[in-house]
Amino acid sequence: VIYMICKPDFKLAEGANKMTDVWEIPQVKGNEHPAPFPIELASKCIEASPSGVILDPFMGSGTTAISAISHNREWVGIELSKEYCILSESKISQYNKKAQIKP
């Protein structure tokens, strides 16, 4: 279940209401976090919102942050675990390095 918690005047991004109710997204593999989710899941949610800062209150391995960066959105991540903070910082850094290398 995915919740979008929004202000009362929130409106979906143009075309977002065409997304179906069921999304088939393959499970992520090779992530050190015990409960990772695919970047495609975060991307669909971010694409449905027209603007604003993306908040991830359980940052884990940084998937939502990476998706926000790829959509040119500002983001805030919250994580209590020092281990997962280090993991997410590493994954975000790796993504940023790859994103700067354009063929």
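The structure presented is a predicted model; accordingly, all values stated were derived computationally and were not measured. (Residues numbered from 1 in each chain as written. Predicted model: local features only at pLDDT ≥ 70, side-chain atom pairs only at ≥ 80, totals over all residues. Heavy atoms only, no water.)

Caption draft 1: Examining the overall build of the chain more closely. Of the regular secondary structure elements, the chain holds three helices and two strands. Along the chain direction, N to C, the helices and strands of the chain fall in the order α-β-α-β-α. Computed over its C-alpha atoms, the radius of gyration of the chain comes to 14 Å, within 12% of the 13 Å expected for a compact globule of 103 residues. When each of the 103 residues of the chain is scored for burial, the buried share is 27%. Partitioning the contacts of the chain with sequence separation of at least 6, the portion at a separation of at least 24 is 51%. Of the charged side chains in the chain, 11 are positive and 12 negative, and the gap between their average positions amounts to 5 Å. (Helix = DSSP H or I, 4+ residues; strand = E, 2+ residues; numbered from the N terminus. Rg over C-alpha atoms; globule rule 2.2 N^0.38 Å. Buried < 20%, exposed > 50% of the residue type's maximum accessible area, 1.4 Å probe, protein only. Contact = heavy atoms within 4.5 Å. Lys, Arg positive; Asp, Glu negative; His and termini not counted. Charge placed at Lys NZ, Arg CZ, Asp CG, Glu CD.)

Caption draft 2: Structural context of the packing of helix α2 (residues 63-70) against helix α3 (residues 82-100). As a packed pair, α2 and α3 sit with axes 9 Å apart at the nearest point and diverge in direction by 25 degrees. Between α2 and α3, the interaxial angle falls into the category roughly parallel. Helix-helix and strand crossings are classified by hand; for α2 and α3 the assignment is right-handed. Of the residues in α3, those touching α2 at Ala65, Ile66, Ile69 and Ser70 are Lys91, Ile92, Tyr95 and Asn96. Grouping the constituent residues of the contact of α2 with α3 by class yields five nonpolar, two polar and one charged. (Axes fitted to C-alpha atoms, helices over the stretch in contact; angles between N-to-C directions. Parallel < 35°, antiparallel > 145°, perpendicular 65-115°, else oblique. Left-handed = near helix turned anticlockwise from the far one by under 90°. Nonpolar A, V, L, I, M, F, W, Y, C, P; charged D, E, K, R; others polar.)

Caption draft 3: Focus on helix α1 (residues 39-48). Looking at α1, one finds that the buried residues are Ala42, Ser43, Cys45, Ile46 and Ala48. Structurally, α1 contributes buried residues whose contacts are with β1 (54-56) and α2.

Caption draft 4: Seen up close, a nonpolar patch on the surface. A cluster of nonpolar residues, Ile2, Met4, Phe10 and Leu12, forms a patch on the protein surface that exposes about 330 Å² of accessible area. Note that Ile2 resides in the segment before α1. (Patch = residues over 30% accessible without salt bridge, like charges linked within 9 Å, V, L, I, M, F, W, Y side chains within 5 Å. Areas by Shrake-Rupley, 256 points an atom, 1.4 Å probe, with all protein chains shown as cover. Salt bridge = Lys/Arg side-chain N within 4 Å of Asp/Glu carboxyl O.)

Caption draft 5: Seen up close, the packing of α1 against α2. Following both chains from N to C, one finds α1 and α2 inclined at 55 degrees, their axes separated by 9 Å at the closest point. In terms of orientation, α1 lies oblique with respect to α2. Crossing of α1 against α2: the hand is right-handed. Listed contacts from α2 to Ile39, Ala42, Ser43 and Ile46 of α1 are Thr63, Thr64, Ile66, Ser67 and Ala68.

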